[in-house]
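Structural description and commentary
Listed here are the chains, written in short residue letters.
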Amino acid sequence: MVGRRRLGRRFGWLWASYAMSAYGSGLGFGALPLIAVLVLHAGPAEVSALSAVGPAVGALIAVPLAPWVEFRRKRPVMIMMDLARFAAMATIPVAYAFGRLGLVQLLVVSAVVAAARIAFNAASGAYLKALVPPDDLLSANARFESTNWSSIAVGPPLGGAAIGLFGPVTTVVADALSYLLSALGITAIRGQEAAPRTTGRGPIRAGALFEGWRHIMGHPGLRPLYLNQMLVAGLIMATEPLLAVLLLRQLGFPPWQYGLAFAVPCLGGLIGSRLARRVVARFGRHRVFRTVGTLRAVWLIGLAFVGPGVIGLVTVMAVQLAIIINMSLYSPVLATYRLEHTPEHLVARTLTAWSIGQQASIAVLTALAGLLADVTGPRTALTVAGLLILAGPLLLPRQDPTSQHEPEPSRGHS
């Protein structure tokens, strides 16, 4: 068995900070749709709008943030984005306590959190590339992936129990505090961070806003992976509000079972992320993209057959487990390839462009799925999503993207 690679104290603080916010978000998994259903008695269209409109607005806000993030030191940016998410999430329990909580506020909070998440991820990706040697990037990304899935495995059952005991906004409070703890963890990282190549002062050139997309669409390996990711991730995420309505309202699942249905399969994320390095070493990155990228898409149709009771719960778990094992293996390989094939002066803008495209796709597909569910029912919308996602593997690169475009040598500071 291969020993665990040591990535240094500074990476340890970065990873710990990520874990703090990830576990807080795990506790708050699906919190806003859940509040919309249980507190505001929202229907399928309203729940889907909450999951779509807020992130879509957040993606638009993030567009001008990309050059701003690129031309600044990354640790202060990450701290600012954590504090922004803390402040936004903290408004929900305050409004709930005074009986003033409404759908519009949930939409605004969703937009602010989405924009801050995109900017944070862009800054952290650029910081990670400068912090970790190239040979260790896959190990680092696999650790983030493993932490992400373990947080979802542990968080939703505890969050569901907390909601049952203490009320519907309990997990929102935990999520908000996790961002504050993450900011403190990033503050604890020591060491001099290299200054960006430009200061970013003065007006941002219009062309700078779109450099990330130019790089992605001009790269023969990144372009098909980007298009595939938008379709597959968009359709997978579009099922979340549909399942919330189907399981909680139509099939009568209690909140703790709803959380359990998503939490237990996330243990598969630990399996996939831990296998990523070995699988790539044995089979090569291209085969992972083609085979695992296909396997993560073919299982979604199973959600259309969810029924009541234990059998329905097991069906959701089985489908989610199959999807998550393949997603957790695929994602760190994709994240590593993306960093390796992006010049250092474009990392933040490329990651922002990638996140915006993916978030926009999720927003559009979630809104369309919600409208379809409002007319035909959530089960029909789940069936359509499961059929459409089967086109995703057709977008994967047919040739080895590693041989198509060699990564540009790093020109920045280590």
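The following paragraphs examine the structure supplied in this document. (Residues numbered from 1 in each chain as written. Predicted model: local features only at pLDDT ≥ 70, side-chain atom pairs only at ≥ 80, totals over all residues. Heavy atoms only, no water.)

What follows covers the packing of aromatic side chains. Under the defined criterion, the tally for this structure stands at seven aromatic pairs. Three or more aromatic residues joined by ring pairs form one cluster here, namely F11, W15, Y18 and F144. Its guanidinium or amino end placed over the ring of F120, R85 lies 4.8 Å from that ring's centre, counting from NZ or CZ. Directly above the aromatic system of W354 lies the positively charged group of R338, at a separation of 4.8 Å from the ring centroid. (Phe/Tyr/Trp six-rings, centres within 6.5 Å; stacked < 30°, edge-to-face > 60°. Lys NZ or Arg CZ within 6 Å of the ring centre and 35° of its normal.)

Turning to empty space enclosed by the protein, a few remarks are in order. One pass over the full model with this rule turns up two cavities of 30 Å³ or more. Size it by volume and the second largest cavity reaches roughly 90 Å³. Around the second largest cavity, the lining is made up of 13 residues, and of these F29, L34, P156, G160 and I163 lie nearest the centre. Residues that form the lining of the second largest cavity fall into these classes: eight nonpolar, five polar and no charged. (1 Å grid on protein atoms, 1.4 Å probe; cavity = no way out; pocket = protein on both sides within 12 Å on 5 of 7 lines; lining within 4 Å. Points joined across faces, edges and corners; volume = space filled by probe spheres on them. Nonpolar A, V, L, I, M, F, W, Y, C, P; charged D, E, K, R; others polar.)

For helix α2 (residues 31-38), the tally of buried residues reaches seven of eight residues, placing the bulk of the element in the interior. Restricting attention to buried positions, one finds in α2 the residues A31, L32, P33, L34, I35, A36 and V37. (Buried < 20%, exposed > 50% of the residue type's maximum accessible area, 1.4 Å probe, protein only. Helix = DSSP H or I, 4+ residues; strand = E, 2+ residues; numbered from the N terminus.)

Counting 39 residues, the largest nonpolar core has L247 and L300 as its most contacted members. Secondary-structure elements contributing two or more residues to this core are α6 (137-166), α9 (222-250), α10 (255-263), α13 (309-340), α14 (347-376) and α15 (378-388). Top contributing element to this core by residue count: α9, with 10 residues. Not counting residues within four places of it along the chain, the set of residues in contact with L247 comprises G252, F253, Y258, V306 and V316. With 26 residues, the next largest nonpolar core counts L14, L128, I189 and L351 among its residues. (Core = buried A, V, L, I, M, F, W, Y, C linked by side-chain atoms within 4.5 Å. Contact = heavy atoms within 4.5 Å.)

Here we come to the environment of Q358. Within the secondary structure, Q358 sits in helix α14. Exposure remark for Q358: the relative accessible area of 22% places this residue in the partly exposed category. Considering only alpha carbons, one finds Q358 and R282, 76 residues apart in sequence, at a separation of 30 Å. Ignoring anything within four residues of it in the chain, the contact list for Q358 reads Q229, M230 and A233.

A separate point is a nonpolar patch on the surface. There is a patch of nonpolar side chains on the surface, built from L295, V298, W299, L387 and L390 and spanning about 430 Å² of accessible area. As for its placement among the helices and strands, V298 is situated in the loop between α12 (285-295) and α13. Here V298 falls in the partly exposed class, since its relative accessible area comes to 33%. (Patch = residues over 30% accessible without salt bridge, like charges linked within 9 Å, V, L, I, M, F, W, Y side chains within 5 Å. Areas by Shrake-Rupley, 256 points an atom, 1.4 Å probe, with all protein chains shown as cover. Salt bridge = Lys/Arg side-chain N within 4 Å of Asp/Glu carboxyl O.)

Let's shift gears to helix α1 (residues 9-27). Between its first and last C-alpha atoms α1 spans 27 Å; for 19 residues at 1.5 Å apiece the expected length is 27 Å, and the two agree. Every buried residue of α1 is accounted for by F11, L14, S17, A19, S21, A22, G24 and G26. If you follow the buried residues of α1, they end up packed against α4 (74-97), α5 (103-131), α6 and α7 (170-187). (Expected span 1.5 Å × (residues − 1).)

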